[in-house]
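Residue strings, one per chain:
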Amino acid sequence: GGFFVTDGVGNGITWANAAGIQDLFDNTGTLLMWVQYTSGISAGDRYIEKDDASGGWGIYYNATSQIRWYGRATGTNYTYQSTVSTSANTWFLIAIEWDSQSLGTTPKSWFNGSPATTAIISSGSGTYVSDGGSGMTLMGRTLNDASEIPGKLGACAFYSGALSDA
């Protein structure tokens, strides 16, 4: 029932390369996460990231109060965005279902349990680069602490498959 508070300066949650979430989005994976950010958030601040700058994925805040996520590729990265806007100091549940092996298809997203429209920001090129070599999974921060999110991070769940729309 608790949550982690991050002020966006030098803190966040980091854990080692857990085998259970390596290549989560291969052949469809789903991430659910409760988040609340404060008014000090900046575009690019990360909710969660499993990326070593050469392979992996991340979910972050953009300048128009929407959620974006990306997958690293051998050419240019694939980037997607929900069309739902979020508000500071309000808890919301993010759910993202994605199959990194079907990069031509648009992922599914939900906010607070309701389906959300997902837009392709960059259709990318090449094939997805596995996150299996990414040494860390980070919540509320990036590897170099450059994009830390100010706010609260609640429950987070990873599923190696698709969830039903119900």
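Residues numbered from 1 in each chain as written. Predicted model: local features only at pLDDT ≥ 70, side-chain atom pairs only at ≥ 80, totals over all residues. Heavy atoms only, no water.

S.K.: How should the pairing of strand S7 (residues 78–82) be read in this particular structure?
M.R.: The side chains of a regular strand alternate, first on one face of the sheet and then on the other. Of all five residues in S7, five are buried; the element is thus mostly enclosed. Here S7 shows a buried face lined by Tyr 78, Tyr 80 and Ser 82 and a second buried face lined by Thr 79 and Gln 81. Examined bridge by bridge, strand S6 (residues 67–71) and S7 share four bridges and lie antiparallel to one another. Paired with Trp 69 across the strands is Tyr 80, a residue of S7. Bridge count for S7 against strand S11 (residues 118–122) is four bridges, and the pairing is antiparallel. Note that in S11 the partner of Gln 81 across the bridge is Ala 119. (Buried < 20%, exposed > 50% of the residue type's maximum accessible area, 1.4 Å probe, protein only. Helix = DSSP H or I, 4+ residues; strand = E, 2+ residues; numbered from the N terminus. Pairing = 2+ DSSP bridges.)

S.K.: For this particular structure, what's the right way to read the packing of aromatic side chains?
M.R.: For any two aromatic rings, the description comes down to two numbers: the centre-to-centre distance and the angle of the planes. Taken as a whole, this structure holds nine aromatic pairs when the rule is applied. Through a chain of ring-to-ring contacts, the aromatic side chains of Tyr 37, Tyr 47, Tyr 61, Phe 92 and Phe 111 assemble into a single cluster. (Phe/Tyr/Trp six-rings, centres within 6.5 Å; stacked < 30°, edge-to-face > 60°.)

S.K.: Looking at this structure, I do not really get the sheet that holds strand S3 (residues 29–37). What am I missing?
M.R.: The strands making up a sheet are joined through hydrogen bonds of the backbone, oriented either antiparallel or parallel. The strand order S1-S13-S3-S8-S9-S10 describes an open sheet built from six strands, whose pairing is antiparallel. Of all the strands in the sheet, just strand S1 (4–7) and strand S10 (114–116) have a single pairing partner and so form its edges. Strand-to-strand twist in this sheet, taken as the mean axis angle between neighbours without regard to direction, amounts to 30°. Both S3 and strand S8 (residues 92–98) contribute to a ladder of seven bridges, which runs antiparallel. In the sheet register, Leu 32 faces S8, and the bridge partner there is Ala 95. (Axes fitted to C-alpha atoms, helices over the stretch in contact; angles between N-to-C directions.)

S.K.: Looking at this structure, I do not really get a nonpolar patch on the surface. What am I missing?
M.R.: On the surface, Phe 3, Val 5, Trp 34 and Trp 91 cluster together into a nonpolar patch covering about 380 Å² of accessible area. Mapping Trp 91 onto the fold places it in the loop between S7 and S8. (Patch = residues over 30% accessible without salt bridge, like charges linked within 9 Å, V, L, I, M, F, W, Y side chains within 5 Å. Areas by Shrake-Rupley, 256 points an atom, 1.4 Å probe, with all protein chains shown as cover. Salt bridge = Lys/Arg side-chain N within 4 Å of Asp/Glu carboxyl O.)

S.K.: What exactly am I supposed to notice about empty space enclosed by the protein here?
M.R.: A probe matching the size of a water molecule, rolled over the atoms, marks out where space remains unfilled. Overall, the coordinates contain one cavity of 30 Å³ or more when judged by the stated rule. Of the volumes computed, that of the largest cavity is approximately 40 Å³. Lining the largest cavity are Phe 25, Trp 57, Gly 58, Ile 59, Trp 69, Tyr 70, Ile 96 and Trp 98. Every element with two or more residues in the lining of the largest cavity is listed here: strand S5 (56–61), S6 and S8. Among the elements that make up the lining of the largest cavity, the one with the highest residue count is S5 (three residues). Considered class by class, the residues forming the lining of the largest cavity number seven nonpolar, one polar and no charged. (1 Å grid on protein atoms, 1.4 Å probe; cavity = no way out; pocket = protein on both sides within 12 Å on 5 of 7 lines; lining within 4 Å. Points joined across faces, edges and corners; volume = space filled by probe spheres on them. Nonpolar A, V, L, I, M, F, W, Y, C, P; charged D, E, K, R; others polar.)

S.K.: Please explain the side chain of Thr 86 as it appears in this structure.
M.R.: Position of Thr 86 among the secondary structure elements: in the loop between S7 and S8. What makes Thr 86 buried here is its relative accessible area of 10%. Polar contacts involving the side chain of Thr 86 include one to the side chain of Tyr 37, which spans 3.0 Å. The residues contacting Thr 86, other than those within four sequence positions of it, are Tyr 37, Tyr 61, Ser 65, Ile 67, Phe 92 and Phe 111. (Polar contact = N/O pair within 3.5 Å; in protein donor to acceptor, adjacent residues only side chain to side chain. Contact = heavy atoms within 4.5 Å.)

S.K.: Teacher, can you tell me more about the nonpolar core here?
M.R.: For soluble globular proteins, nonpolar side chains are generally found buried alongside one another. Among the nonpolar cores identified, the biggest contains 26 residues, and Tyr 47, Trp 57, Ile 59, Ile 67, Phe 92 and Ile 94 are the most heavily contacted of them. For this core, the secondary-structure elements that each account for two or more residues are S3, strand S4 (46–51), S5, S6, S7 and S8. (Core = buried A, V, L, I, M, F, W, Y, C linked by side-chain atoms within 4.5 Å.)

S.K.: Whenever I open this one, unusual backbone geometry confuses me. Can you help?
M.R.: With phi around 60°, Asn 89 is a residue other than glycine that occupies positive phi space. Mapped onto the fold, Asn 89 is located in the loop between S7 and S8. Accessibility expressed as a relative area gives 52% for Asn 89, which makes it exposed. Of note in the backbone geometry, Asn 112 takes a positive phi value of approximately 50° without being a glycine. Summarising the element assignment, Asn 112 is placed in the loop between strand S9 (108–111) and S10.

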